[in-house]
Amino acid sequence: MCGIAGFSGPGERLDLERMTRALAHRGPDGEGFHCDLDQSVFLGHRRLSIIDIANGAQPMWNEDRSVAVTYNGEIYNHLELRRTLEARGHVFSSDHSDTEVLVHGWEEWGEDLPLRLNGMFAFAIYDTTRRQIFLARDRFGEKPLYWARQRGLFLFASELSAITKHRGFQVALDRMALMKYYAHGFIPSPNALYQDCRKLPAGSWLRFDFTTGALREERYWSFSIEPAERPTHMDEAAEELRHLLMQSVERRLMSDVPLGVFLSGGVDSSAAIACAAKLRPETQPQSYSIGFKEKSFDESAFARAMAKAVGSDHHEQFFDLEAAHAILTEVLEHLDEPLGDPSILPTNLLCGFARKNVTVALSGDGGDELFAGYDTFAALKPARLYQAAVPRSAHRCLKHLVGYLPKSDANMSLDFKIRRALSGLDYGPDYWNPVWLAPLEAGDIAELFKEPVDPEALYSEALALWRSGDGKGDVDRTLEFYTRFYLTDDILTKADRASMFHGLEVRSVFLDNDLVEFVRCLPAHYKYRKGVRKFLLKQALGGLVPDDILSRPKKGFGIPIKAWLRAMKLDVGNADALGVDPSFVAQRIHAHQEARQDHRLFLWCWYAFQHRAVAG
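The structure contained in this document is the topic of the report that follows. Computed from a predicted structure; not experimentally measured.

Any two side chains of opposite charge can pair if their charged atoms end up close together. Evaluated as defined, the whole model comprises 42 salt bridges. Its salt-bridge partner being Arg26, residue Asp496 comes within 2.8 Å of it at the nearest N-O pair. Placement of the pair is Asp496 in helix 19 (residues 474-501) and Arg26 in the loop between helix 1 (13-21) and strand 2 (30-36), with a sequence separation of 470 residues. The residues Asp496 and Arg26 share a single accessibility class, namely buried.

Take a look at the structure:
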């Protein structure tokens, strides 16, 4: 894992050094620069050494120095690609560097290169002959990539904060992006926090011609549910899925440095360590987990049981409000963009804990999104029936009555689920998924920002996803929402920022190209069947993972943020400077801290935004 940065246009080496060194946490093992003063093209790199430690310095060039790459990621099929390229006459200078595959791959395949890669990546190719800079990001956006264009400057970087370090870039908040942050708890691609900045969407590339200034962006791949006309029989599908999961884990065990596994005690992380233990029986796996003192949030007993089942060397730490306070400010200041997911705190603690012993960790991220693991999937059919049967007047009355339910601090308590469900049912089905997750609804955002808000604009990315699935069922459209939207901009962003803060590489075993291609062609009832979530995955894991783990209810990696926010110092901060209503914020702080109302999602978003590092 690494950090990349660069620009074309006005500026000098000092600007590149400022940008690149803002990413030092992503690559603590070294830095590299290329400054082409004649063409005004500057490339920077920070390195975390994982593969071919001796020969992987960047930016890396081809033989005649016509093509260079600065790259962040891991290409799991790089050895196969290297053999193909060598057969076509390309000569490699490194022993087994995956970076060099990108250089020769660009020479051979050009803009088709990203589609051939199985891995997680964000890279920039500098082609001196074509006079182009080519950016690309992996299929699910495991690795981040931002770009900006302003006043004759074209800039790119792994993190937005690096772009703001160029002295020619003027920082100004993007008001719509900020509204979307409070609508989702994250800023969805291609939006970014600052004006003139964009996140390159997952599965996309961008080409910049530094002679003409022309830009072109294309999506080369996107996740789409397309069930086969004659699906594989359930038993055969389970066997194939097990094979593909083993293959994915095998690919992700590739490392020249120590490797471990994140283990929550849930199905997905248990699958990762079970496969790793079976594939490497001669090596004792290293497993890492976080526990909570609040019982409804704690999964540590299941993690210990799974560790015992596979014989791993298990390490655990417990997380509480005191531990949260110890890391809170530092974590939020290094988020780059604010993130309204409070599980960034235990994730950060887990990454720092694991990094003491390992440099790479396997994770189960993506399992919930691919196999219908969330509570949402159980709510879809009842939501359809409710909207068909309950008049709007009765719905409004029910929402009012639910406000009087006793409010629990427990993880995913019944009162919380009912309130969220009824909020979504204020809208049509295309709004359900984003509103069910929303820190604030459109009307609240209009009140906060003191201006009218169009829900269509606010939720535009999520609505476009749902509406592009005409003819598909609610389960398939919701799977696409989670894999193309929530996974990329919340779950994987959280994993990237938390791990890179500690110079740790995290590899998601469920996001392998071959596994994903198989899963997206399966019918919905293979994933969500008669109320059972992850049905096929659990079938595939039979005999590998203990039955009591496969059958246990999902908890999720939540924290008791509702209770903790009542004990934290919250204020209206710079509401006036942001042009938002301080009384809106103050009312919700007081109502929450007096335990009259539950505003946990909004207040955490507000707190995270107020404590971000100031750009510049």
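That shown, we press on.
On to helix 15 (residues 429-437), then. Most of helix 15 is tucked away, with 8 of its 9 residues classed as buried. Of all the residues in helix 15, the buried ones are Pro429, Asp430, Tyr431, Trp432, Asn433, Pro434, Val435 and Trp436. Turning to helix 15, the residues buried within the fold contact helix 5 (175-184), helix 12 (376-389), helix 14 (414-424), helix 17 (455-458), helix 18 (460-467) and helix 19.

Our focus in this paragraph is a negative patch on the surface. A cluster of acidic residues, Asp235, Glu236, Glu239 and Glu240, forms a negative patch at the surface. The topology assignment puts Glu239 in helix 6 (residues 234-252). Classification of Glu239 by relative accessible area gives exposed; the value is 61%.

Below, the discussion takes up the sheet that holds strand 3 (residues 41-47). In space, the 6 strands of this open sheet follow the order 2-3-1-9-8-10, with antiparallel pairing throughout. Here the strands that pair on one side only, and so sit at the sheet edges, are strand 2 and strand 10 (197-199). Ignoring strand direction, the axes of neighbouring strands in this sheet form an average angle of 10°. Here 3 bridges tie strand 8 (residues 146-150) to strand 10, and the two strands are oriented antiparallel to one another. Following the sheet pairing, Trp147 is matched in strand 10 by Arg198.

Across all of its chains, the model carries 34 aromatic pairs by this definition. Ring geometry for Tyr431 against Tyr459: centres 5.8 Å apart, planes inclined by 90°, an arrangement best described as edge-to-face. Within this pair, whereas Tyr431 is found in helix 15, its partner Tyr459 is found in the loop between helix 17 and helix 18, the two being separated by 28 residues in sequence. Ring-pair connections join several aromatic residues into one group, and the members of that group are Tyr181, Tyr182, Phe449, Phe584, Phe602, Trp606 and Phe609. Lying over the aromatic face of Trp61, Arg65 brings its terminal NZ or CZ to 4.3 Å of the ring centre. Positioned above the aromatic ring of Phe535, the side-chain terminus of Arg529 is 5.2 Å from the ring centre.

Strand order in this open sheet of 5 strands is 15-14-13-16-17, and the pairing throughout is parallel. For this open sheet the edge positions go to strand 15 (313-319) and strand 17 (505-508), each flanked by a neighbour on one side alone. Strand after strand, the sheet turns through a mean of 30° between neighbouring axes, direction not considered. As judged from the 7 bridges shared by strand 14 (residues 286-292) and strand 15, these two strands associate in the parallel manner. In the sheet register, Gln286 faces strand 15, and the bridge partner there is Asp313. Here helix 10 (residues 344-355) sits on the sheet in contact with strand 13 (259-262), strand 14 and strand 15, set at roughly 145° to strand 14.

Calculation notes
Residues numbered from 1 in each chain as written. Predicted model: local features only at pLDDT ≥ 70, side-chain atom pairs only at ≥ 80, totals over all residues. Heavy atoms only, no water. Salt bridge = Lys/Arg side-chain N within 4 Å of Asp/Glu carboxyl O. Helix = DSSP H or I, 4+ residues; strand = E, 2+ residues; numbered from the N terminus. Buried < 20%, exposed > 50% of the residue type's maximum accessible area, 1.4 Å probe, protein only. Contact = heavy atoms within 4.5 Å. Patch = residues over 30% accessible without salt bridge, like charges linked within 9 Å, V, L, I, M, F, W, Y side chains within 5 Å. Areas by Shrake-Rupley, 256 points an atom, 1.4 Å probe, with all protein chains shown as cover. Lys, Arg positive; Asp, Glu negative; His and termini not counted. Charge placed at Lys NZ, Arg CZ, Asp CG, Glu CD. Pairing = 2+ DSSP bridges. Axes fitted to C-alpha atoms, helices over the stretch in contact; angles between N-to-C directions. Phe/Tyr/Trp six-rings, centres within 6.5 Å; stacked < 30°, edge-to-face > 60°. Lys NZ or Arg CZ within 6 Å of the ring centre and 35° of its normal.

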